[in-house]
Amino acid sequence: MKRLGTVLVTVATLVTAGCGTSASAGQGADSGSPVRGGTLKFAISGDPLCLDGHAISSGLNQYLGRIAYDTVTTLDREGNPAPYLADSWTVSPDGTTYTFKLKSGVTFSDGTAWDAEAFKLNLEHMRDPKTKSPLAAAYIAPYKDSKVIDARTLEVHLSSAYTPFTYVLAQSWLGVLSPKAIKESPKTLCDKPIASGPFVVESYKRGQSISYVRRAGYNWAPAWLKHQGEAYLDRIEVTIVPEPVVRFNALTSGQYDITDLVPAQNAKAVEANKNLTFENLTRTGHPNAIWFNTGRAPLNDLAVRRAVVAAVDVAAVAKSVGFGYFPVKDNYLASNSKYYDKTTEGILKYDAGLANQLLDKAGWTGRDGQGYRINAVGKRLSLALPTVESATPSPQLVQVQGQLKTVGIELRIEQLPQAQVTDRRYAGDYDLTSGYWHTNTTDVLFIRYHSSEIPGARIGQNASYLKDAKLDAILAEARRTPDGPKAAALYAQAQHRLIELVPALPQWEANAQWAYQKRLHGVAIDTSHPQPVLTGAWLAGK
């Protein structure tokens with residue numbers, strides 16, 4: 001994106017290209033004309049706990065948000081910001097002022113108009129401390145204030161240049177809500193948000209189900225979706241089914257039409273099933289990893305961090321738990337993210353011999369009665385990883401535990417209630433924590449590794465507690481830099497610096513495995529989140 005002070009984005013034209021492994025592009029044409037009506041039965045893996053995207057960080061909102069919400073921008077098929085509820089925008093030469101021209105004729109499901117006041121109020125709602133936003137607020141952290149120029153024009157002021165701004169406005173967590181609902185009934189937004197999307201939330205029963213009905217008169221989908229006008233489906237009935245095998249069996253029996261998070265061990269069977277479509281979609285952002293708490297011993301020692309990475313055969317673990325569906329990673333950015341640098345591949349390697357050498361040099365030369373390494377004062381090399389309690393520990397973590405033991409490192413997998421895991425996470429009371437971080441911009445590296453993102457007065461996401469002045473400077477400059485060669489060079493520097501600092505053990509891409517009945521047509525894959533979009537979906541037959 002160039003900052004010329006002129007219109008940078010105009011209404012996009014329809015595109016015909018598909019995305020990744022999506023079966024949606026052109027599928028309806030191959031299967032007959034779309035059929036209006038019917039109820040889609042959708043099994044999902046968890047409860048989002050709240051349907052107000054501004055107030056949650058649940059990954060489920062990546063696709064649930066697309067059912068009821070619209071966003072100000074979208075990403076086109078090349079991954080660049082494009083119009084959605086904003087027709088166009090300009091950026092000041094210093095990158096701190098965005099002037100948005102908004103789409104006309106858009107309304108929320110309560111009849112309230114989408115206009116500049118509504119946009120302004122949504123930005124303020126994301127930042128309002130009462131919203132307790134764990135994600136949306138962080139994504140617009142440089143937002144300062146807005147000025148309504150007229151009904152269709154909003155001038156947004158940032159405290160500093162922030163190129164990711166029009167990217168993050170495309171994410172489901174930043175979908176827009178009715179200004180009337182925000183002002184008059186904010187406490188109802190978690191259970192029954194009033195938005196402008198293709199479906200309306202009819203009911204939400206915590207831990208059980210969510211019901212959506214088609215929005216009458218909807219006609220402002222993004223151009224890339226290739227479907228304009230109202231949704232075809234009458235209803236979407238979402239059932240919360242936490243058990244993966246239960247979801248898989250119910251899908252194959254025809255009880256459900258679509259499900260998320262297909263168990264990796266069942267993926268091959270889904271691919272072979274003539275009645276099912278399988279999607280293995282890579283999320284942009286940060287891949288699955290085990291983050292190191294570099295803020296305390298023993299992982300404040302770079303040699304120990306390097307040893308942990310060298311001690312774990314990630315490819316073997318991925319093959320065992322992912323059955324070939326988890327692409328192995330050895331760096332800190334998803335390979336489909338903008339500015340991904342392939343020259344970071346192959347540097348961090350499995351090498352048990354190197355792990356032992358590094359630990360010896362770091363002073364962990366002794367062994368106790370159980371074979372674990374100890375230092376000169378007899379302290380055991382032990383790492384704690386708090387995780388949410390379950391019937392059995394994660395097979396992935398158990399295998400990592402076994403591999404670390406071969407070089408003398410103890411991994412304590414501590415199963416605890418979710419609330420305790422969260423408390424310890426934000427208190428920094430752990431040595432290791434695992435997960436991934438999906439976002440549609442390479443600024444994920446700032447979110448996960450800039451020292452200003454260390455948890456403290458606000459909810460930061462630097463789980464590694466990493467403090468590195470060189471990396472901070474690179475990442476701060478990168479988010480101020482317009483898209484182009486300079487940004488690419490800065491993000492390449494950041495990726496290589498992370499390889500030097502080793503703030504985590506990279507594992508595999510944050511892939512999402514989806515499956516749905518072949519009678520379900522018109523499923524599109526979102527450009528911002530690689531997840532199904534059901535606006536143009538329709539059901540054939542009974």
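Residues numbered from 1 in each chain as written. Predicted model: local features only at pLDDT ≥ 70, side-chain atom pairs only at ≥ 80, totals over all residues. Heavy atoms only, no water.

Regarding the overall build of the protein chain
Inference 1: In terms of regular secondary structure, the protein chain is built from 16 helices and 25 strands.
Inference 2: For 542 residues, the compact-globule formula gives about 24 Å, and the C-alpha radius of gyration of the protein chain, at 24 Å, lands near that figure.
Inference 3: Overall size of the protein chain, expressed as C-alpha extent along the three principal axes, is 70 × 55 × 40 Å.
Inference 4: Taken across its 542 residues, the protein chain has 57% of its residues classed as buried.
Inference 5: Long-range pairs, those at least 24 residues apart, make up 71% of the contacts in the protein chain with a sequence separation of at least 6.
Inference 6: Looking at the protein chain as shown, the accessible area adds up to about 21100 Å², and 53% of this sits on carbon and sulfur atoms.
Inference 7: Here the protein chain holds 57 positive side-chain charges and 50 negative ones, and the gap between their average locations is 1 Å. (Helix = DSSP H or I, 4+ residues; strand = E, 2+ residues; numbered from the N terminus. Rg over C-alpha atoms; globule rule 2.2 N^0.38 Å. Buried < 20%, exposed > 50% of the residue type's maximum accessible area, 1.4 Å probe, protein only. Contact = heavy atoms within 4.5 Å. Areas by Shrake-Rupley, 256 points an atom, 1.4 Å probe, with all protein chains shown as cover. Lys, Arg positive; Asp, Glu negative; His and termini not counted. Charge placed at Lys NZ, Arg CZ, Asp CG, Glu CD.)

Description of the nonpolar core
Inference 1: One finds Phe 100 and Trp 114 to be the most contacted residues of the largest nonpolar core, which totals 114 residues.
Inference 2: When residues in this core are grouped by element, the largest group, 7 residues, is from helix H16 (residues 485–501).
Inference 3: Discounting residues that sit within four places of it in the chain, Phe 100 has contacts with Val 72, Ala 86, Ser 88, Trp 89, Phe 119, Arg 152, Thr 153, Leu 154, Val 156, Phe 165, Thr 166 and Leu 169.
Inference 4: By size, the runner-up hydrophobic cluster in this structure holds 37 residues, among which are Ile 44, Leu 51, Ala 512 and Leu 534. (Core = buried A, V, L, I, M, F, W, Y, C linked by side-chain atoms within 4.5 Å.)

Looking at the pairing of strand E21 (residues 511–517)
Consecutive side chains of a regular strand alternate in pointing toward one face of the sheet and then the other.
Inference 1: With 7 of its 7 residues buried, E21 lies for the most part within the structure.
Inference 2: Residues of E21 alternate between two faces, with Asn 511, Gln 513, Ala 515 and Gln 517 on one and Ala 512, Trp 514 and Tyr 516 on the opposite face, all of them buried.
Inference 3: Note: strand E12 (residues 258–259) against E21, 2 bridges, orientation antiparallel. Residue pairing in the sheet places Ile 258 in a bridge with Tyr 516 of E21.
Inference 4: Where strand E13 (residues 276–282) and E21 come together, 7 bridges link them in antiparallel fashion. Bridged to Asn 280 within E21 is Gln 513. (Pairing = 2+ DSSP bridges.)

Comments concerning the sheet that holds strand E19 (residues 432–438)
Whether parallel or antiparallel, the strands of a sheet pair through hydrogen bonds between backbone atoms.
Inference 1: Spatially, 3 strands are ordered E19-E14-E20 in an open sheet, and the strand pairing comes out antiparallel. Two strands in the sheet have a free side with no partner beyond their single neighbour: E19 and strand E20 (504–508). This sheet shows a mean twist of 25° between the axes of neighbouring strands, independent of strand direction.
Inference 2: Bridge count for strand E14 (residues 285–292) against E20 is 4 bridges, and the pairing is antiparallel. Bridge pairing links Ile 290 to Leu 505 in E20. (Axes fitted to C-alpha atoms, helices over the stretch in contact; angles between N-to-C directions.)

Focus on unusual backbone geometry
Inference 1: That bond from Ala 297 to Pro 298 is cis: its omega, 5°, falls within 30 degrees of zero.
Inference 2: Note that Pro 298 resides in the loop between E14 and helix H9 (302–311).
Inference 3: Notably, Leu 261 is not glycine yet its phi reads approximately 45°, a positive angle.
Inference 4: A relative accessible area of 35% places Leu 261 in the partly exposed class.
Inference 5: Positive phi, close to 50°, is recorded for Phe 323, a residue that is not glycine.
Inference 6: Note on Phe 323: relative accessible area 45%, which makes it partly exposed.

A few points about the packing of helix H10 (residues 314–322) against helix H12 (residues 395–405)
Inference 1: Where H10 contacts H12, the two axes come as close as 10 Å, and the packing angle between them is 150°. Considering the angle they form, H10 stands roughly antiparallel to H12. As for the relative orientation of H10 and H12, their crossing is right-handed in sense. Contacts between H10 and H12 involve Ala 316, Val 317, Ser 320 and Val 321 on the former and, on the latter, Pro 395, Gln 396, Gln 399 and Gln 403.
Inference 2: Among the residues forming the contact of H10 with H12, the class breakdown is 4 nonpolar, 4 polar and no charged. (Parallel < 35°, antiparallel > 145°, perpendicular 65-115°, else oblique. Left-handed = near helix turned anticlockwise from the far one by under 90°. Nonpolar A, V, L, I, M, F, W, Y, C, P; charged D, E, K, R; others polar.)

Describing H16
Inference 1: Taking 1.5 Å of rise per residue, 17 residues should cover 24 Å, and H16 covers 24 Å from first to last C-alpha, within 8% of that figure.
Inference 2: Of all the residues in H16, the buried ones are Ala 487, Leu 490, Tyr 491, Ala 492, Ala 494, Gln 495, Arg 497, Leu 498, Ile 499 and Leu 501.
Inference 3: Next to the buried residues of H16 lie H9, helix H14 (444–449) and helix H15 (469–480).
Inference 4: After H16 finishes, the residue Val 502 shows a positive phi value of roughly 50°. (Expected span 1.5 Å × (residues − 1).)

Concerning the state of the cysteines
Inference 1: Evaluated as defined, the whole model comprises 1 disulfide.
Inference 2: Paired through a disulfide, Cys 50 and Cys 190 show a sulfur-sulfur distance of 2.0 Å. For the disulfide bridge between Cys 50 and Cys 190, the dihedral angle about the S-S bond is near -85°, and by the sign convention the bridge is left-handed. On the criterion of sequence distance, the pair formed by Cys 50 in the loop between strand E2 (39–44) and helix H2 (61–68) and Cys 190 in the loop between helix H6 (179–184) and strand E9 (199–205) is long-range, its members being 140 residues apart.
Inference 3: Residue Cys 50 is classed as buried on the basis of its relative accessible area of 5%.
Inference 4: Accessibility expressed as a relative area gives 23% for Cys 190, which makes it partly exposed. (Disulfide = S-S within 2.5 Å.)

Considering the pattern of salt bridges
Inference 1: Within this structure, the stated rule accounts for 27 salt bridges.
Inference 2: With a closest N to O distance of 3.3 Å, Lys 103 and Asp 87 form a salt bridge. Taken as a pair, Lys 103 in the loop between strand E6 (97–102) and helix H3 (116–127) and Asp 87 in strand E5 (residues 86–91) lie far apart in primary sequence, 16 residues in all.
Inference 3: We note a salt bridge from Asp 468 to Arg 497, for which the minimum N-O separation is 2.8 Å. A residue pair is termed long-range when its members are at least 10 positions apart, and Asp 468 in the loop between H14 and H15 and Arg 497 in helix H16 qualify at 29 residues. There is no split in this pair, since Asp 468 and Arg 497 are both buried.
Inference 4: Among the ionic contacts, a cluster of salt bridges with common partners joins Arg 296, Arg 412, Glu 414, Arg 424, Asp 429 and Asp 431. (Salt bridge = Lys/Arg side-chain N within 4 Å of Asp/Glu carboxyl O.)

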